[in-house]
Amino acid sequence: MYEPIRTKSVHSTMAGTTSDFPHRSREEELDIQLAGHLAALLTVTDELRAAAPSPGLDEAAERLARQVARLRGGATPARLTSAPSDADVTALHERAHALAGRALVVAASRADTAAAILAAEQMDVHAAALEPRELAST
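About the criteria used
Residues numbered from 1 in each chain as written. Predicted model: local features only at pLDDT ≥ 70, side-chain atom pairs only at ≥ 80, totals over all residues. Heavy atoms only, no water. Salt bridge = Lys/Arg side-chain N within 4 Å of Asp/Glu carboxyl O. Helix = DSSP H or I, 4+ residues; strand = E, 2+ residues; numbered from the N terminus. Axes fitted to C-alpha atoms, helices over the stretch in contact; angles between N-to-C directions. Parallel < 35°, antiparallel > 145°, perpendicular 65-115°, else oblique. Left-handed = near helix turned anticlockwise from the far one by under 90°. Contact = heavy atoms within 4.5 Å. Nonpolar A, V, L, I, M, F, W, Y, C, P; charged D, E, K, R; others polar. Expected span 1.5 Å × (residues − 1). Buried < 20%, exposed > 50% of the residue type's maximum accessible area, 1.4 Å probe, protein only. Polar contact = N/O pair within 3.5 Å; in protein donor to acceptor, adjacent residues only side chain to side chain. Core = buried A, V, L, I, M, F, W, Y, C linked by side-chain atoms within 4.5 Å.

Draft legend 1. Representation of the pattern of salt bridges in the model. Summed over all chains, the structure comprises 11 salt bridges. One salt bridge connects Arg110 with Glu27, and the closest N-O pair in it is separated by 3.1 Å. Highlighted residues: Arg110 in the loop between helix 3 (89-109) and helix 4 (113-130) and Glu27 in helix 1 (residues 26-51), separated in sequence by 83 residues. Shared partners join several salt bridges into a network, and the residues in it are Glu27, Asp31, Arg70, Arg110 and Asp112.

Rendered as structure tokens:
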């Protein structure tokens with residue numbers, strides 16, 4: 001009914017073969033992912049610092065830069081030197097909150113306490129900045 005296959009398959013299996021490219025461990029992949037999220041959060045923090053300077057943002061940016069450098073084996077992260085002056089501060093806080101949340105998830109999965117605490121603190125800071133201000137009535 002069917003003709004038997006007479007030639008060797010063009011599809012190979014991975015069983016028993018060595019690869020020609022290096023593989024990273026799960027820990028290394030999580031380090032790369034966490035460094036990326038923290039670097040993105042650092043960029044948004046620098047944008048916020050340019051739009052609305054504050055000592056708290058300065059400190060957060062330095063802490064983020066140290067964590068990114070630690071995760072990248074000492075390589076200093078690129079920093080934003082100037083940001084558009086017409087930046088939407090609310091949108092920046094929303095983006096920073098989302099990035100901090102992503103960083104928190106990855107930091108928790110790799111059991112990086114320092115990065116998890118930093119990400120959670122940043123989530124709190126940006127969530128507080130997004131809360132509507134209540135006017136004090138007199």
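Text resumes after the structure shown.
Draft legend 2. Representation of the environment of Ser109. Residue position: Ser109 is located in helix 3. The sequence separation of Ser109 and Glu27 amounts to 82 residues, and the corresponding C-alpha distance is 9.5 Å.

Draft legend 3. Summary view of the packing of helix 3 against helix 4. Helix 4 packs onto helix 3 with a crossing angle of 155° between their chain directions and a minimal axis gap of 8 Å. The angle between helix 3 and helix 4 falls in the class roughly antiparallel. Judged by the sense of rotation from one axis to the other, the crossing of helix 3 with helix 4 is left-handed. Contacts between helix 3 and helix 4 pair Thr90, His93, Glu94, Ala96, His97, Ala100, Gly101, Ala103, Leu104 and Ala107 from the former with Ala115, Ala116, Ala119, Ala120, Gln122, Met123, His126, Ala127, Ala129 and Leu130 from the latter. Of the residues in the contact of helix 3 with helix 4, the class split is 13 nonpolar, six polar and one charged.

Draft legend 4. Main features of helix 3. Between its first and last C-alpha atoms helix 3 spans 30 Å; for 21 residues at 1.5 Å apiece the expected length is 30 Å, and the two agree. Along helix 3, the positions that sit buried rather than exposed are Leu92, His93, Ala96, Leu99, Ala100, Gly101, Ala103, Val106 and Ala107. At its buried positions, helix 3 is contacted by helix 1 and helix 4. With a side-chain oxygen lying 3.3 Å from the backbone nitrogen of Thr90, the N-terminal cap of helix 3 falls on Asp88. Just past helix 3, the residue Ala111 takes up positive phi, approximately 55°.

Draft legend 5. Structural view of unusual backbone geometry. Even without glycine at this site, Ala111 takes up a positive phi of about 55°. You can see Ala111 is positioned in the loop between helix 3 and helix 4. We classify Ala111 as exposed; its relative accessible area is 63%.

Draft legend 6. The arrangement of the nonpolar core in detail. Residues Leu34, Leu38, Leu41, Val44 and Leu64 are the most contacted members of the largest nonpolar core, which totals 26 residues. If you list the elements that add at least two residues to this core, you get helix 1, helix 2 (55-71), helix 3 and helix 4. With nine residues, helix 1 is the largest single contributor of residues to this core.

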